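Structural overview for review
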Amino acid sequence: MPHLLTILILLPFIGALALVFYSFAPPRRDEHYRWIALVTTVATFVVSLLLLRGTGGGTEFRFDESVNWIGSIGARYHVAVDGVSLWLVLLTTLLMPIAVLSSWTAIHKR
């Protein structure tokens, strides 16, 4: 997948937007917020598992995305993952569903 890191960045943002839009729906229920958060975090973890297919090792970047953003001022969008940060991304995306599940019944209001 060519834009895997961008997808990993945007998935939680899309989940947050889904929660905001759901808050404006008239027949909203509190357990639906939990399910939206859980589905979003699990989807982010599953997509992050695709990073394991990256080739190479050592100090070079396994995934690297670099795109001109605002050419007139030389701004670029650049994200990359090397061997160490790959495991940190996987750990973070694994902890997100665990955090949502651990607060499943503990949080009743906000």
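Here is a short report on the structure shown in this document.

Criteria and cut-off values
Residues numbered from 1 in each chain as written. Predicted model: local features only at pLDDT ≥ 70, side-chain atom pairs only at ≥ 80, totals over all residues. Heavy atoms only, no water. Phe/Tyr/Trp six-rings, centres within 6.5 Å; stacked < 30°, edge-to-face > 60°. Helix = DSSP H or I, 4+ residues; strand = E, 2+ residues; numbered from the N terminus. Expected span 1.5 Å × (residues − 1). Buried < 20%, exposed > 50% of the residue type's maximum accessible area, 1.4 Å probe, protein only. Contact = heavy atoms within 4.5 Å. Pairing = 2+ DSSP bridges. Salt bridge = Lys/Arg side-chain N within 4 Å of Asp/Glu carboxyl O.

Let us look at the packing of aromatic side chains. According to the stated counting rule, one finds two aromatic pairs in the structure shown. Between tyrosine 22 and tyrosine 33, the ring centres sit 5.2 Å apart and the planes meet at 80 degrees, which makes this aromatic pair edge-to-face. In this pair, tyrosine 22 is assigned in helix 1 (residues 4–23) and tyrosine 33 in helix 2 (residues 30–49), connecting sequence segments eleven residues apart. When the centroid spacing of 5.1 Å and the interplanar angle of 85 degrees are considered together, the rings of tryptophan 35 and tryptophan 104 count as edge-to-face. In this pair, tryptophan 35 sits in helix 2 while tryptophan 104 sits in the segment after helix 3 (83–102), placing the two residues 69 residues apart along the sequence.

The terminal C-alpha atoms of helix 2, which comprises 20 residues, lie 30 Å apart, in line with the 28 Å expected from a rise of 1.5 Å per residue. Of all the residues in helix 2, the buried ones are Ala37, Leu38, Thr40, Thr41, Thr44, Val47 and Ser48. Of the surrounding secondary structure, the elements contacted by the buried residues of helix 2 are helix 1 and helix 3.

Taken together, the seven bridges between strand 1 (residues 63–70) and strand 2 (residues 75–81) define a ladder with antiparallel strand orientation. Across the sheet, phenylalanine 63 pairs through a bridge with valine 81, a residue of strand 2.

What follows deals with the pattern of salt bridges. Note on pairing: side chains with opposite charge can pair once their charged atoms come close. According to the stated counting rule, one finds one salt bridge in the structure shown. Arginine 29 is the salt-bridge partner of glutamate 31, the closest N and O atoms lying 2.5 Å from each other. When its relative accessible area of 28% is taken as the criterion, glutamate 31 is described as partly exposed. Under the relative-accessibility criterion, arginine 29 is labelled partly exposed at 47%.

Interpretation in functional terms is not warranted from these geometric data alone.
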